[in-house]
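Working through the structure, step by step
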Amino acid sequence: MNSINIDSNYVYCKNCGYDIGIVDEDSHLVKIWKYDLKLAYEDEIEGCDGDGGELEIEKFRPFLQIYEILLDSVSSTAIRYYLIQDQANDGNFLNIWVFNFGVEIKLLPINFEFKDCLKIMYNKDLNFFKEKNNTFDTIIVPSKVFNDFEQILKDITINLPINLRKMTDWSVSYL
């Protein structure tokens, strides 16, 4: 662990001081944010013995952190309502309703096909959970993750046909 500094429960790069993760309270293991890393690996070319491959770089989008949490939660607990909060600004939030999963759709304007995805309904109604007495989980994430998640939802919503973008007070999106 020569390349990191740990201060309280936060993990920083020893060289530049960038926040790269946390120390898990339960396991006491270091969790590094995947979206702050670039995975580099050699893509082997057929017929080569390992020295002729091209270097592939894979970058994870920040919103995938929330996607993985939602998918795991729906699969294991069947909870469908979530309050997603920005860690730096608790006034910045999204109500999320995981409406369905395993959905397949094709967005013609951007010629993109989603397979086995989550149908997400979202809004910013501050009183939704209070008024409806719904069971919900709160997920607090770093601003980078929150902002990317909100943007991807909006980007997909805007590419849906106009009559499919809203359902009552909810905006519709897919992940």
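What comes next is a walk through the structure. Given the structure is predicted, the values throughout are model-derived calculations rather than measurements.

So, on to the pattern of salt bridges. A full pass over the atoms with the stated rule returns six salt bridges. Between Asp24 and Lys31 there is a salt bridge; the shortest N-O distance is 3.4 Å. In this structure Asp24 comes out as buried when scored by relative accessible area, which is 16%. Here Lys124 ties to Glu150 by a salt bridge, and the two come within 3.2 Å at their closest N and O atoms. Here Lys124, found in the loop between β9 (112–123) and α2 (128–132), pairs with Glu150, found in helix α3 (residues 143–158); they are 26 residues apart in sequence, far enough to count as distant. By relative accessible area, Lys124 is classed as partly exposed at 41%. Within the structure, one salt-bridge network assembled from shared partners comprises Lys124, Glu150 and Lys154.

Let us look at the nonpolar core. Counting residues in each nonpolar core, the largest one holds 40 residues, and the members touching the most others are Leu70, Tyr82, Ile84, Ile96 and Phe149. Elements supplying a minimum of two residues to this core: α1 (64–77), β7 (81–86), β8 (89–107), β9, α2, β10 (137–141), α3 and β12 (170–174). Residue contributions to this core peak at seven residues, all from β8. Contacts of Ile84, omitting those with residues within four sequence positions, involve Ile66, Asn92, Phe93, Leu94, Ile96, Ile139, Val141, Phe146 and Phe149. Ile4, Cys13, Ile20 and Val23 belong to the second-largest nonpolar core, a separate cluster that totals five residues.

Looking now at the environment of Pro161. By secondary structure assignment, the location of Pro161 is in the loop between α3 and β11 (166–167). According to the relative accessible area criterion, Pro161 is partly exposed, its value standing at 44%. Between the C-alpha atoms of Pro161 and Leu108, which are 53 residues apart in sequence, the distance is 9.2 Å.

Quick look at α3 now. The end-to-end C-alpha separation of α3 is 22 Å, in line with the 22 Å expected for 16 residues at 1.5 Å each. All buried positions along α3 are accounted for by Val145, Phe146, Asp148, Phe149, Glu150, Ile152, Leu153, Ile156 and Thr157. Close packing links the buried residues of α3 with α1, β7, β8, β9, β10 and β12.

A ring pair, where both rings are aromatic, is described by two values, the distance of the centres and the angle of the planes. Enumeration according to the criterion identifies four aromatic pairs in this entry. Between Trp97 and Trp170 the ring centres are 5.5 Å apart and the planes differ by 65°, which places this aromatic pair in the edge-to-face class. Here Trp170 lies in strand β12 and Trp97 lies in strand β8, a separation of 73 residues in the sequence. The ring of Phe60 has Lys34 sitting right over it, with the charged end atom 5.2 Å from the ring centre.

Pairing between the strands of a sheet is mediated by backbone hydrogen bonds and can be parallel or antiparallel. Taken together, six strands build an open sheet; the order of strands is β10-β7-β8-β9-β12-β11 and the sheet is mixed. At either margin of the open sheet sits one strand with a lone partner, and together these are β10 and β11. Direction of pairing for β8 relative to β9: antiparallel, over a ladder of 10 bridges. By the bridge assignment, Val103 is partnered in β9 with Cys117. Relative to the sheet, α1 contacts β7, β8, β9 and β10, its axis offset from that of β9 by approximately 85°.

In the sheet, strand β1 (residues 4–7) pairs with strand β2 (residues 10–13) via four bridges, with the strands oriented antiparallel. Across the sheet, residue Asp7 finds its bridge partner in β2, namely Tyr10. Hairpin connection from β1 to β2: two residues lie between these consecutive antiparallel strands, with Ser8 at a positive phi of about 65°.

Criteria and thresholds
Residues numbered from 1 in each chain as written. Predicted model: local features only at pLDDT ≥ 70, side-chain atom pairs only at ≥ 80, totals over all residues. Heavy atoms only, no water. Salt bridge = Lys/Arg side-chain N within 4 Å of Asp/Glu carboxyl O. Buried < 20%, exposed > 50% of the residue type's maximum accessible area, 1.4 Å probe, protein only. Helix = DSSP H or I, 4+ residues; strand = E, 2+ residues; numbered from the N terminus. Core = buried A, V, L, I, M, F, W, Y, C linked by side-chain atoms within 4.5 Å. Contact = heavy atoms within 4.5 Å. Expected span 1.5 Å × (residues − 1). Phe/Tyr/Trp six-rings, centres within 6.5 Å; stacked < 30°, edge-to-face > 60°. Lys NZ or Arg CZ within 6 Å of the ring centre and 35° of its normal. Pairing = 2+ DSSP bridges. Axes fitted to C-alpha atoms, helices over the stretch in contact; angles between N-to-C directions.

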